[in-house]
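Summary of structural features
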Amino acid sequence: MTLLAAVLLSVACKLVPGHLRAQYEAEWSAECEAIAMSDGVWSSLRYAGRLVLGAPRTGYVLRTNNRPVFFDVLLMSVTLAVPAMFFVAHSAITGQLLVAFAYSWLCIGLLVVASSAWSAESGLFGGKISASGLIMVLIASVVITSLNLLTDTHNPALDGPIRVLPGSVAAQIGVLLVMLSAWLGPQRVEVARLGLSLMTLGLVIWAAIGVLNTVLVETWGERIFHGVSVPSALAVASGCWLIRREGPALITPKPSQEVVLVS
Amino acid sequence: MATPFRLTSQTRLLLTHLLGDVNSDHYGFEILKATGLKPGTLYPTFARLEEAGWIEGRWENIDVETTNRPARRYYRLTAHGSTEAAAALERHAEKAALQAPTVLGGLSS
């Protein structure tokens, strides 16, 4: 095993609970050695790298006594819902009741997605509740964008020297595709993956524009709005990318394809 | 009968793979390659299944000096685990088949 693989393994093992560390250290280093001998050093390094990337989740799930592996979605939804609640309050205070209502609807949709992810027994996008939450999120975000474009409502999260429209539209198309993949059935894994890619791209664009707006705006009030949006957008973008990487495992396979029973 | 843990799609994928060859020992890297699962999903699932008594882990029985590498950790379904896993997957398949597409189309198919 190379020194780099050993360092990666050491990092990965530090992230798992202490009482299991010795077992995982022995298991993973033996696996790395065996892979290096059979598949080569690069495969061994790749495996060690994947272990490091997966170790936070391994540690989290083991520490929290086998909580569902869907916690990424819960964290993503809550990450988006927190600034959305902030925007509900702002819209209500400034008397923009329709915007406030749309943001509330967005929050509820996100919490529905989160709750369905937390209790999901099937694939992530295979449940009616999860898809209903996505529909609510989509309707709310389209309403918020439309109100911003077509009326004179002032929405500090969307307004600014540079409009976040390209990012928000890409993210909305992404949500639409993810929702469609749920409708079309589990065989449409590629649609879901494309949707997640678009959501990631849209949110990264949003965050980049948000950073520029934070610099360019003149008042601290507006700066706070953009400052709140940027970390949320980045966190959710990384979550979307992680879920996209999981791919087929998160989408319910068709019963006829998934069960191979032994007699 | 309910399973002692959440039967997620990843867990089903792993159980299906293990059921495919109940008499063989399986190890982490082989399962990752075969199922496409990620390490962050696979190892907690191993822990969950082992805790429930569905699989058992054991260290590979090799002469470390001859093979020049440490022993791998192997996993295989227990007899109890094989029966329970097959039944749970069958129940899931039946449940999924019963959830015929309704107004929401293929949502639950």
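See the structure shown above.
Overview of the structure. (Residues numbered from 1 in each chain as written. Chains lettered and ligands numbered in written order. Predicted model: local features only at pLDDT ≥ 70, side-chain atom pairs only at ≥ 80, totals over all residues. Heavy atoms only, no water.)

**Quick notes on helix H2 (residues 28-35) of chain B**
Residue and element names in this part refer to chain B. Put simply, the test is: Accessibility here uses a 1.4 Å probe with only protein chains present; expressed as a share of the type maximum, an area under 20% marks a residue as buried, one over 50% as exposed, and anything in between as partly exposed. Helical segments are the DSSP runs of H or I of at least four residues, strand segments are the runs of E of at least two, and each set is numbered from the N terminus.
Most of H2 is tucked away: six of the eight residues are buried. Within the span of H2, buried status applies to Gly28, Phe29, Glu30, Ile31, Leu32 and Thr35. The first or second residue beyond H2 is Gly36, which carries a positive phi of 80 degrees.

**Points about empty space enclosed by the protein**
All names here are of chain A. Worth spelling out the cut-off: Only protein atoms enter the 1 Å grid used here, on which a cavity is any set of points holding a 1.4 Å probe that cannot leave and a pocket is any open set flanked by protein within 12 Å on both sides along at least five of seven lines; residues with an atom within 4 Å of a point are listed as lining. Grid points are joined across faces, edges and corners, and a volume is the space filled by probe spheres set on the points. Residues were grouped as follows: Ala, Val, Leu, Ile, Met, Phe, Trp, Tyr, Cys and Pro as nonpolar; Asp, Glu, Lys and Arg as charged; and all remaining residues, including Gly, as polar.
Scanning all chains against the criterion turns up five cavities of 30 Å³ or more. By volume, the largest cavity is sized at about 680 Å³. Lining the largest cavity are 39 residues, with Leu80, Leu106, Leu110, Val137 and Leu203 positioned closest to its centre. For the lining of the largest cavity, the secondary structure elements donating two or more residues are helix H4 (71-93), helix H5 (97-119), helix H6 (128-150), helix H7 (165-184), helix H8 (189-216) and helix H9 (220-246). Residue composition of the lining of the largest cavity, by class: 30 nonpolar, nine polar and no charged.

**Looking at a nonpolar patch on the surface**
Residue and element names in this part refer to chain A. The cut-off we apply is this: Residues enter a patch when their relative accessible area is above 30% and they make no salt bridge; the linking distance is 9 Å between like charges and 5 Å between nonpolar side chains (Val, Leu, Ile, Met, Phe, Trp, Tyr). Where accessible areas are quoted, they stem from the Shrake-Rupley method and a 1.4 Å probe; at the residue level, only the protein chains shown are allowed to cover. By salt bridge we mean one thing: a side-chain nitrogen of Lys or Arg within 4 Å of a carboxyl oxygen of Asp or Glu.
Together, Leu98, Phe101, Trp105, Ile108, Ile139 and Val143 make up a nonpolar patch on the protein surface, roughly 550 Å² of accessible area in all. Where the nonpolar patch is concerned, the elements lending two or more residues are H5 and H6. A per-element tally of the nonpolar patch places H5 first, with four residues.

**Things to note about the environment of Asn213 of chain A**
All names here are of chain A. The condition that has to hold: The contact definition used throughout considers only heavy atoms, calling two residues in contact when any of these lie within 4.5 Å.
Along the chain, Asn213 falls in helix H8. Owing to a relative accessible area of 0%, Asn213 belongs among the buried residues under this scheme. Other than its neighbours up to four places away in sequence, Asn213 contacts Asp159, Gly160, Pro161, Ile162, Val164 and His226.

**A closer look at the packing of aromatic side chains**
All names here are of chain B. Selection rule: Here a pair means two rings of Phe, Tyr or Trp (six-membered ring of Trp) with centres within 6.5 Å. Their orientation is stacked below 30 degrees between planes, edge-to-face above 60, and tilted elsewhere.
This model, assessed by the stated rule, comprises 12 aromatic pairs over all chains. With 6.0 Å between their ring centres and 50 degrees between their planes, Tyr27 and Tyr74 make a pair best called tilted. On the criterion of sequence distance, the pair formed by Tyr27 in the loop between helix H1 (9-20) and H2 and Tyr74 in strand S2 (residues 73-77) is long-range, its members being 47 residues apart. Of the residues examined, Tyr74 reaches a relative accessible area of 15% and is grouped as buried. Seen from their ring centres, Tyr43 and Phe46 are 5.8 Å apart, and the 70 degrees between their planes marks the pair as edge-to-face. In this pair, Tyr43 and Phe46 both sit in helix H3 (residues 39-51), three residues apart, roughly one turn of the helix. A single burial state applies to Tyr43 and to Phe46, both of which are buried.

**With respect to the pairing of S2 of chain B**
Residue and element names in this part refer to chain B. Our working rule: Pairs of strands are assigned from DSSP output, requiring at least two bridges between the strands.
S2 sits mainly inside the fold: four of its five residues count as buried. Examined bridge by bridge, strand S1 (residues 55-59) and S2 share five bridges and lie antiparallel to one another. Its bridge partner lying in S2, Ile55 is registered against Leu77.

**Concerning the pattern of salt bridges**
What the rule picks out here adds up to seven salt bridges over all chains. In this structure, the salt-bridge partner of Glu31 of chain A is Arg72 of chain B, at a minimum N-O distance of 2.5 Å. Placement of Glu31 of chain A in helix H2 (residues 18-39) and of Arg72 of chain B in the loop between helix H4 (64-67) and S2 is noted, with the two residues assigned to different chains. The pair Glu31 of chain A / Arg72 of chain B is uniform in exposure class, with both members buried. A salt bridge links Arg163 of chain A to Asp159 of chain A; the shortest N-O distance between them is 3.1 Å. Residue Arg163 of chain A is classed as partly exposed on the basis of its relative accessible area of 37%. In this structure, a network of salt bridges that share partners links the residues Asp25, Arg58 and Arg76 of chain B.

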